[in-house]
Amino acid sequence: MSEQGGRSVLVTGANRGIGRAIAERFVAAGDKVATIYRSGELPAGVLGVVGDVRDTASIDAAFTEIEAQHGPVEVVVANAGVTRDQLLMRMSDEDFDTVLDTNLAGAFRVARRASKGMIRLRRGRVVLISSVVATYGGPGQVNYSASKAGLIGMARSITRELSGRGITANVVAPGFIDTAMTQALPEKQQQAYLAAIPAGRFGAVDDVAAAVHFLASDAAAYISGAVIPVDGGLGMGH
Ligand code: NDP
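Bear in mind the structure is a predicted one, so any value in this text is a computation, not a measurement.

Draft legend 1. Spatial organisation of the UniProt feature "domain: Ketoreductase" (unreviewed entry) in the protein chain. Under the feature "domain: Ketoreductase" (unreviewed entry), the UniProt entry names residues 7–180. Between the end C-alpha atoms of residues 7–180 the distance is 29 Å, and the span holds 47% helix and 20% strand.

Draft legend 2. Spatial organisation of the site of the ligand. Taken together, 28 residues sit near the ligand, with Gly 13, Gly 17, Arg 38, Gly 81 and Thr 179 positioned nearest. Of all the elements in the fold, those that place two or more residues in the shell around the ligand are helix H1 (17–28) and helix H6 (180–183). Partitioning the shell around the ligand into residue classes produces eleven nonpolar, 13 polar and four charged.

Draft legend 3. Here's a closer look at the environment of Val 127. In this structure, Val 127 sits in strand E5 (residues 124–129). By the C-beta count within 10 Å, which is 28 here, Val 127 ends up buried. The sequence separation of Val 127 and Tyr 193 amounts to 66 residues, and the corresponding C-alpha distance is 25 Å. Sequence-distant contacts of Val 127, defined by excluding residues within four places in its chain, comprise Val 77, Asn 170, Val 172, Val 212, Leu 215 and Ala 216.

Draft legend 4. Expanded view of unusual backbone geometry. Phi angles above zero are rare outside glycine, and Arg 122 is one such case at about 65 degrees. Looking at the element boundaries, Arg 122 is found in the loop between helix H3 (93–121) and E5. A residue is classified by how many C-beta atoms lie within 10 Å of it, and Arg 122, with 10 of them, is exposed.

Draft legend 5. Inspection of the environment of Gly 124 at higher detail. Looking at where Gly 124 falls in the secondary structure, it is placed in strand E5. By the C-beta count within 10 Å, which is 27 here, Gly 124 ends up buried.

Draft legend 6. A look at the sheet that holds strand E1 (residues 8–12). Strand order across the open sheet formed by seven strands is E3-E2-E1-E4-E5-E6-E7, with parallel pairing between neighbours. In this open sheet, the two edge strands, each paired with only one partner strand, are strand E3 (46–50) and strand E7 (227–230). Strand after strand, the sheet turns through a mean of 20 degrees between neighbouring axes, direction not considered. One ladder, built from three bridges, connects E1 with strand E4 (residues 75–78); its direction is parallel.

Draft legend 7. Molecular detail of the pairing of E5. For E5, a buried count of six out of six residues is recorded, marking the element as mostly surrounded by other parts of the structure. Neither face of E5 is left uncovered, since the one carrying Gly 124, Val 126 and Leu 128 and the one carrying Arg 125, Val 127 and Ile 129 both have all their residues buried. Bridge analysis of E4 against E5 gives four bridges, and the strand direction is parallel. If you follow Val 77 over to E5, its bridge partner there is Val 127. With H3 bridging E4 and its parallel neighbour E5, the resulting β-α-β unit is right-handed. As paired strands, E5 and strand E6 (residues 167–174) are joined by six bridges and run parallel to one another. Looking at E6, one finds that Ile 129 is bridged to Val 172.

Cut-off values and rules
- Residues numbered from 1 in each chain as written.
- Predicted model: local features only at pLDDT ≥ 70, side-chain atom pairs only at ≥ 80, totals over all residues.
- UniProt positions renumbered as here; feature names shortened; annotations may be inferred.
- Helix = DSSP H or I, 4+ residues; strand = E, 2+ residues; numbered from the N terminus.
- Near = placed C-beta within 6 Å.
- Nonpolar A, V, L, I, M, F, W, Y, C, P; charged D, E, K, R; others polar.
- Buried ≥ 20, exposed ≤ 12 C-beta atoms within 10 Å, placed from the backbone.
- Contact = placed C-beta atoms within 7 Å.
- Pairing = 2+ DSSP bridges.
- Axes fitted to C-alpha atoms, helices over the stretch in contact; angles between N-to-C directions.
- Right-handed = clockwise from strand over helix to strand, strands pointing away.

In structure tokens:
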């Protein structure tokens, strides 16, 4: 791994929420940060390329542009994600497919494209943003939890394939983080989560960004295939 700072870093969905905080943290450390994003305003210092993680051609085109400006991507953070909550018996095929296509296949498309440059460089960091719900489960989240659990198998398979090339792949599993995604939950559900969190508070986006930044650092070179919870203790034992 090169010195921290000056690396080509890609975070998907850096226009808001957790992705935005992750991008800001790498910018502050002096890295060259890019994002593939759909809409909104980006933090200062982030190269934005419009794209959709559901579309392979748009991912390829975005990588080509990012590589031209920043060089091969050394750190990739698959952050883009959506929810379409509904009880199992009422969940439509479309709601299931959209969530799997974005959260799981989207991460696959981004990691696959990033791996080409990383293999040539013989170094790289893949960080997949999962969720406590991957292993804890969540009512109304059959689609979401399945997509987030899939990321664990993905990171571990990447670890078995690519560790010999100096590439690590890890999962960060946030708990309840205060963003638009969780603010959309009914107040009653928010209070129920709060009561179950040993830390007694919701997480901040910077709590997640700190874990991602560590996994991308030289200090984390021997950590791969790990699932790092950032959940104030909510998911312990799962
Ligand atoms: P937000 O809803 O605030 O942001 C989601 C981001 O993903 C947005 O930038 C959004 O873009 C982007 N995105 C969604 N679909 C696509 C797509 N098809 N192509 C490109 N970008 C897309 O969510 P959070 O910041 O809260 O969540 C970020 C990640 O963390 C997600 O993967 C989420 O599942 C995970 N997470 C969040 C938790 C929380 O408590 N908030 C807990 C556990 C995990 P746009 O603005 O254009 O919609």
